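The residues making up each chain are set out below.
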Amino acid sequence: MTPTPTKTTKKPVANARVSILEIELFGGPGQSQGSGCYMPPIHFQTNVEATRQEVWVSYTWLLDGKAVSRSRSWVSKGGYTAFASTSGQHMLKAGRHTVALKVTSPSAAQKSVSFNVCAIPT
């Protein structure tokens with residue numbers, strides 16, 4: 001009787017863990033330092049840090065609880081961070097807002113920051 005050939009499969013590499021660094025906010029033109037609020041349009045970005053190199057990081061930006069941008073970034077060989085930015089600038093009404101980055105892969109993580117948008121003088 002001939003033995004049945006064994007199939008070998010690659011073991012999946014252990015998932016990397018991801019952490020989100022400080023979320024940076026940028027206001028529009030005429031923004032004055034220390035005003036306590038941001039002038040629209042608002043742009044936000046951050047870096048995500050992974051425990052492994054050469055991995056895709058999938059994420060969603062949430063603005064006031066609603067998804068405004070979905071994307072993914074590559075953690076390159078020789079590095080442990082990937083840049084995560086919004087796809088554009090956001091015209092927000094005056095008042096308090098919250099932006100959050102929700103990482104969905106290779107592991108789950110979320111960080112948020114609240115900020116005020118200045119009333120635009122008319």
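Residues numbered from 1 in each chain as written. Predicted model: local features only at pLDDT ≥ 70, side-chain atom pairs only at ≥ 80, totals over all residues. Heavy atoms only, no water.

**Describing the overall build of the protein**
Right, on to step 1. Within the protein, the secondary structure is distributed over zero helices and eight strands.
Right, on to step 2. In the protein, the succession of helices and strands from N to C terminus is β-β-β-β-β-β-β-β.
Right, on to step 3. Burial analysis of the protein (122 residues in total) assigns 37% to the buried set.
Right, on to step 4. Pairs at least 24 residues apart make up 58% of the contacts formed inside the protein by residues separated by at least 6 positions.
Right, on to step 5. Surface exposure of the protein reaches about 8100 Å², of which carbon and sulfur atoms provide 52%. (Helix = DSSP H or I, 4+ residues; strand = E, 2+ residues; numbered from the N terminus. Buried < 20%, exposed > 50% of the residue type's maximum accessible area, 1.4 Å probe, protein only. Contact = heavy atoms within 4.5 Å. Areas by Shrake-Rupley, 256 points an atom, 1.4 Å probe, with all protein chains shown as cover.)

**A closer look at the confidence of the model for the protein**
Right, on to step 1. Looking at the protein, the pLDDT average stands at 86 and 82% of residues meet or exceed 70.
Right, on to step 2. Across residues 9–13, where pLDDT falls below 50, the model places one contact with residues more than four positions away in sequence or in other chains. (pLDDT = per-residue confidence, 0-100.)

**Structural notes on the state of the cysteines**
Right, on to step 1. Inspection of the entire model under this criterion finds one disulfide.
Right, on to step 2. The partner cysteine of cysteine 37 in its disulfide is cysteine 118, sulfur to sulfur 1.8 Å. Disulfide cysteine 37 to cysteine 118: torsion about the S-S bond roughly 105°, handedness right-handed. Of this pair, cysteine 37 sits in the loop between strand 2 (24–26) and strand 3 (43–50) while cysteine 118 sits in the segment after strand 8 (109–117), placing them 81 residues apart in sequence.
Right, on to step 3. Relative accessible area serves as the criterion here: at 18%, cysteine 37 is assigned to the buried category. (Disulfide = S-S within 2.5 Å.)

**Topic: the environment of leucine 101**
Right, on to step 1. Within the element layout of this structure, leucine 101 appears in strand 7 (residues 95–105).
Right, on to step 2. In contact with leucine 101, not counting residues within four places along its chain, are Ile20, Ile23, Thr46, Val48, Tyr59, Thr60, Trp61, Ala84, Ala109, Gln110 and Lys111.

**Examining the pairing of strand 4 (residues 55–63)**
Right, on to step 1. Most of strand 4 sits inside the fold, with seven of its nine residues counted as buried.
Right, on to step 2. The sheet contact formed by strand 4 and strand 5 (residues 66–75) spans nine bridges and is antiparallel. Among the inter-strand pairings, valine 55 is bridged to a residue of strand 5, identified as valine 75.
Right, on to step 3. By the bridge criterion, six bridges tie strand 4 to strand 7 in an arrangement that is antiparallel. Along strand 7, the bridge assignment pairs serine 58 with serine 105. (Pairing = 2+ DSSP bridges.)

**Let's talk about the packing of aromatic side chains**
Right, on to step 1. Summed over all chains, the structure comprises three aromatic pairs.
Right, on to step 2. With a centroid separation of 6.0 Å and 90° between ring planes, the pair formed by tyrosine 38 and phenylalanine 115 is classed as edge-to-face. Taken together, the positions of tyrosine 38 in the loop between strand 2 and strand 3 and phenylalanine 115 in strand 8 put the pair 77 residues apart, joining distant regions of the chain.
Right, on to step 3. If you follow arginine 72 out to its NZ or CZ, it ends over the ring of tryptophan 56, 3.9 Å from the centre. (Phe/Tyr/Trp six-rings, centres within 6.5 Å; stacked < 30°, edge-to-face > 60°. Lys NZ or Arg CZ within 6 Å of the ring centre and 35° of its normal.)

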